[in-house]
Amino acid sequence: LKSRYFRVQDANPLFLILKCNCCSDRSRGTMTVTETVSRTETSRPVLDQLAEKVPSHLWRIHGVDYDLKAFEKVHPGGPIAIHLGRGEDCTLLFESYHLMNENHRRVLAAFAVKPDTSICTGDNDVSSPAPRLSAFHKDIKGVLRSHFKDRGVASHKAKRGHSLLMGVVFGSYLMAWVGYARGSVCAVLVLPLLAWLVMANLSHDGSHFAVSRNSFINQAALWAASPFYYTDATWYMQHIISHHLNTNDPNKDIDLHHHGQTRWHPQVRRMHRLTGVKNLLWHVTAFLGATFMLAVVQPLTKFVIPGVYVHQGLPIPHMWGSSKIMTDVMELRLAAGFATGSRLAVNAALWAWAAAVPVSAWWFYGLSAKGLLFGYYPYAMSAMLFMMITQVSHVQAEIQRPEATNDPDFFRRQAMTSLDYSGGSVLWGFLTGGLNTQSVHHVAPAIHSSHYPDLFSKFRAVYIKHGCLPAQAPNLLTAFYRHLCHVYSMGELYVVPSPEM
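About the thresholds
Residues numbered from 1 in each chain as written. Predicted model: local features only at pLDDT ≥ 70, side-chain atom pairs only at ≥ 80, totals over all residues. Heavy atoms only, no water. Helix = DSSP H or I, 4+ residues; strand = E, 2+ residues; numbered from the N terminus. Expected span 1.5 Å × (residues − 1). Bend = angle between axes of the 7 residues up to and from the residue. Buried < 20%, exposed > 50% of the residue type's maximum accessible area, 1.4 Å probe, protein only. Polar contact = N/O pair within 3.5 Å; in protein donor to acceptor, adjacent residues only side chain to side chain. Axes fitted to C-alpha atoms, helices over the stretch in contact; angles between N-to-C directions. Parallel < 35°, antiparallel > 145°, perpendicular 65-115°, else oblique. Contact = heavy atoms within 4.5 Å. Nonpolar A, V, L, I, M, F, W, Y, C, P; charged D, E, K, R; others polar. Left-handed = near helix turned anticlockwise from the far one by under 90°.

What about helix α9 (residues 185-207)?
Reasoning step 1: Look at α9: 31 Å from first C-alpha to last across 23 residues, which is about the 33 Å you get at 1.5 Å a residue.
Reasoning step 2: Taking the largest bend as the criterion, α9 deviates by roughly 40°, centred on Met-199.
Reasoning step 3: Within α9, 18 of the 23 residues are buried, which leaves it mostly tucked inside the rest of the structure.
Reasoning step 4: Here α9 starts with a cap whose side-chain oxygen sits 3.4 Å from the backbone nitrogen of Cys-186, and that cap is Ser-184.
Reasoning step 5: Directly beyond the C-terminal end of α9, a positive phi value near 60° is found at Phe-209.

A look at the packing of helix α10 (residues 215-223) against helix α11 (residues 232-243)
Reasoning step 1: For the pair α10 and α11, interaxial distance at closest approach is 10 Å and the crossing angle is 95°. By the angle class used here, α10 and α11 are roughly perpendicular. Residues Gln-219, Leu-222 and Trp-223 of α10 touch α11, and the partners they reach there are Asp-232, Trp-235 and Tyr-236.
Reasoning step 2: Class assignment of the residues belonging to the contact of α10 with α11 gives a composition of 4 nonpolar, 1 polar and 1 charged.

Regarding the packing of helix α7 (residues 135-147) against helix α21 (residues 452-466)
Reasoning step 1: It is the contact of α7 with α21, at a shortest axis distance of 10 Å, that shows an interaxial angle of 155°. Viewed along their axes, α7 and α21 adopt a mutual orientation that is roughly antiparallel. By crossing handedness, the relation of α7 to α21 is classed as right-handed. Contacts from Ala-135, Phe-136, Asp-139, Ile-140, Val-143, Leu-144 and His-147 of α7 reach α21 at Asp-454, Leu-455, Lys-458, Phe-459, Val-462, Tyr-463, Lys-465 and His-466.

Some thoughts on α11
Reasoning step 1: Among the 12 residues in α11, 12 count as buried, and that is most of the element.
Reasoning step 2: Inspection of α11 places Asp-232, Ala-233, Thr-234, Trp-235, Tyr-236, Met-237, Gln-238, His-239, Ile-240, Ile-241, Ser-242 and His-243 among the buried residues, and these make up the whole buried set.

Shown next, in the form of structure tokens:
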């Protein structure tokens, strides 16, 4: 199948009712949709092809290969943070998480592989380790360094007040678990709401190494996402590697493929007929089951079982549980040694806890209304909160335009492929874990979300200066309505591609 272009006209009346001013083409009742082929070598960027040639024991940054094995255990961000880039070109990962100073470049130079033994394709002169950074990236770093100047080396991590508040939330979360164990309906109703606050304000920041300078605290915060959201190994692959480095890239961003039937991007193809209503209905099923897949299915089928096979020296089996993108990303990490014995054990335990929730509910209450409430409701409510808060900030017409997704500057692209709402609000920052200012999070993921309200206006000034202002909405409800309009249009204006022989 080759890339094809389709034009659909005369959208039905329901579409005309739901249409919003997200896309000028849509306001005319027409849309041109580019359908991409499945991921083939010829369709992938050159940088991605080069990354595949990096030996599994090396790290490639700005075209230079480094052997950081000896540095893993003493890395200030912890061994996991550095291991995520092993065996591939990790330039973007490296630049995203080193924003506060330039000390890392001097440390890095000592681990460069000599030119005569390196396979790197770029300039291997490590005497000048500082790369050419874009003006936008420099200005963002300048804002951060000025904002946190003289506040201490850990000032960009969680604020003290935020940490105290999360202590109260986490204590309430534990109490809800006690009530859940005793069969309290009130406790089970509140449990997923508290779980969301814990995940959004603690686990998510922990996965970005932003809670603390202590790597174990970050890791423990990430574990708190279980049992209703995800385990650490698959989340690192899905969120840090796939989503953050390839936001709104239909060939690389796993978040555009949470559901195999729903269409969330103009360049995502489906091999069946769609309408706007049908796409919205599939969308609803994703809202009801996404976190069950993330917490119960993927950890087992995409990490624990494949990891055991790798340890035994056996070929990785093909198992259901996610898209091919997730499989490719995970297999690359497994080949680079990510599935250590301890990581496999921890993820197996977290998976068992997640699986025990529905099993124990059905064991004690049977296939009754109470069994359904205790076994499925926490996952359904968690999934609705997760999908609503995360998807509205990226699945929007104006931020999936080629001008945004194809910008050559990675950090400008991070801003332009995000939507912000209620920017500067401390309350909404807490309720969403800072995801209401998605652009700040994507441009500077190593900064804790408790600082986003303070940084929002400063970042916005930089966006305006460089002509990369993110999409805006006045509030979550408006953003969600525009999101639904876009999802509807992705179905209503879609024609099943015809094969070419």
